[in-house]
Amino acid sequence: GENVEQHPSTLSVQEGDSAVIKCTYSDSASNYFPWYKQELGKRPQLIIDIRSNVGEKKDQRIAVTLNKTAKHFSLHITETQPEDSAVYFCAAPPGGNTPLVFGKGTRLSVIA
Amino acid sequence: EAGVAQSPRYKIIEKRQSVAFWCNPISGHATLYWYQQILGQGPKLLIQFQNNGVVDDSQLPKDRFSAERLKGVDSTLKIQPAKLEDSAVYLCASSLVITGELFFGEGSRLTVL
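Described below are features of the structure shown in this document.

Analysis parameters
Residues numbered from 1 in each chain as written. Chains lettered and ligands numbered in written order. Predicted model: local features only at pLDDT ≥ 70, side-chain atom pairs only at ≥ 80, totals over all residues. Heavy atoms only, no water. Disulfide = S-S within 2.5 Å. Helix = DSSP H or I, 4+ residues; strand = E, 2+ residues; numbered from the N terminus. Buried < 20%, exposed > 50% of the residue type's maximum accessible area, 1.4 Å probe, protein only. Pairing = 2+ DSSP bridges. Axes fitted to C-alpha atoms, helices over the stretch in contact; angles between N-to-C directions. Core = buried A, V, L, I, M, F, W, Y, C linked by side-chain atoms within 4.5 Å. Contact = heavy atoms within 4.5 Å. Buried area = accessible area lost by both parts, 1.4 Å probe. Salt bridge = Lys/Arg side-chain N within 4 Å of Asp/Glu carboxyl O. Polar contact = N/O pair within 3.5 Å; in protein donor to acceptor, adjacent residues only side chain to side chain. Nonpolar A, V, L, I, M, F, W, Y, C, P; charged D, E, K, R; others polar.

1. Thoughts on the state of the cysteines
Thought 1: Throughout the structure, instances matching the rule amount to two disulfides over all chains.
Thought 2: The side chain of Cys23(A) participates in a disulfide bridge whose partner is Cys90(A); the two sulfur atoms lie 1.8 Å from each other. The S-S bond linking Cys23(A) to Cys90(A) shows a torsion near -85 degrees; that makes this disulfide left-handed. Taken together, the positions of Cys23(A) in strand E3 (residues 19–25) and Cys90(A) in strand E9 (residues 86–92) put the pair 67 residues apart, joining distant regions of the chain.
Thought 3: Overall, the relative accessible area of 0% leaves Cys23(A) in the buried class.
Thought 4: For Cys90(A), a relative accessible area of 0% corresponds to the buried category.
Thought 5: Between Cys23(B) and Cys92(B) runs a disulfide, and the two sulfur atoms are separated by 1.9 Å. Classification of the bridge connecting Cys23(B) and Cys92(B) rests on its S-S torsion, roughly -70 degrees, and on that basis the disulfide is left-handed. Here the residue Cys23(B) occupies a position in strand E3 (residues 19–24), and Cys92(B) occupies one in strand E9 (residues 88–95), the gap between them amounting to 69 residues.

Here it is as structure tokens:
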């Protein structure tokens, strides 16, 4: 089955700096790559996603890049703010049209 | 638009007791999921429904967990008997399409003593 590895498990950055979180996946048939943000005690919420026919997608301070050959995708957050502090999860669907398999999460702390 | 509703939010039981969680998805979402999230980990799929049919329950511990989705709308997840390792947040999610955005409920936090 799909194996989704996420690194790092924790990340601390100074406010205003950039943060990068990377995920690798094992199933070459995976075609959809979302990132979810989960604040403490709250539900996971989608912040950005990318499909396999696109290499990069950007939404204000957040971007996702995809390298299908290497089977990895990354979340980039620029100009980080304290409210970006949360746990971020990547996910991928094994086989392309199946339920998402989530990574173990990255706890991001933005230090003011 | 109303989100995914779950209840109860919190439940504390002793091992070997039973518990049931309820979920009402977003109106019009045919696909419903139950995920288990153990503290410090990512959500792990337990079961996926498409309308009222089970699509994937390969990771559901069927000796103690059961789930149903009557009439293709609300769903219940039951654990009987509960074990200590079942302590987790049970997240219900729904989506319009399988490879699309998942809308999660607030979750039901289970503590098994």
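2. Observations regarding the sheet that holds strand E1 (residues 5–7) of chain B
Residue and element names in this part refer to chain B.
Thought 1: Read from one edge to the other, the open sheet built from four strands follows the order E1-E3-E8-E7, with strand pairing classed as antiparallel. Across the chains shown, the open sheet's two edge strands, defined by having one partner strand only, are E1 and strand E7 (65–68). The mean inter-strand angle of the sheet, taken between neighbouring strand axes irrespective of direction, is 15 degrees.
Thought 2: One ladder, built from four bridges, connects E7 with strand E8 (residues 75–79); its direction is antiparallel. Pairing of serine 66 across the sheet is with lysine 78, part of E8.

3. Here we look at the pairing of strand E5 (residues 44–50) of chain B
All names here are of chain B.
Thought 1: Counting buried positions along E5 yields five of seven residues, so the element is predominantly enclosed.
Thought 2: Hairpin connection, strand E4 (residues 31–37) to E5: the antiparallel pair is bridged by six residues, and glycine 40 has positive phi, about 85 degrees.
Thought 3: One ladder, built from three bridges, connects E5 with strand E6 (residues 53–56); its direction is antiparallel. For glutamine 50, the partnering residue across the bridge sits in E6 and is glycine 53.
Thought 4: The turn joining E5 and E6, which pair antiparallel and follow one another in sequence, is formed by two residues; a positive phi near 55 degrees is taken by asparagine 51.

4. Let's talk about the nonpolar core
Thought 1: In terms of nonpolar packing, the biggest core is built from 23 residues, with Phe33(A), Trp35(A), Phe73(A), Leu75(A), Ile77(A), Tyr88(A) and Leu108(A) touching the most fellow members.
Thought 2: Broken down by secondary-structure element, the contributors of at least two residues to this core are strand E2 (10–14), E3, strand E4 (32–38), strand E5 (45–51), strand E7 (62–67), strand E8 (72–77), E9 and strand E11 (106–111) of chain A.

5. A short note on the interface of chain B and chain A
Accessible area lost during the coming together of the parts is what is often quoted as the interface size.
Thought 1: Every contact between the two is made by 21 residues of chain B and, on the other side, 20 residues of chain A.
Thought 2: Taken over both partners, the interface formed by chain B and chain A buries close to 1,600 Å², and the fraction arising from carbon and sulfur atoms is 54%.
Thought 3: On the chain B side of the interface with chain A, the three residues burying the most area are Thr99(B), Phe104(B) and Glu106(B), jointly 33% of the side's total.
Thought 4: Summed over the shared surface of chain B and chain A, the number is one salt bridge.
Thought 5: Residue Arg43(A) is joined to Glu106(B) by a salt bridge in which the shortest nitrogen-to-oxygen separation is 2.7 Å.
Thought 6: Inspection of the region where chain B meets chain A yields five residue pairs in polar contact (both at pLDDT 80 or more).
Thought 7: Elements supplying a minimum of two residues to the side of chain B that touches chain A: E4 and E5 of chain B.
Thought 8: Looking at which element gives the most residues to the side of chain B that touches chain A, the answer is E4(B), with three residues.
Thought 9: Residue composition of the side of chain B that touches chain A, by class: nine nonpolar, eight polar and four charged.

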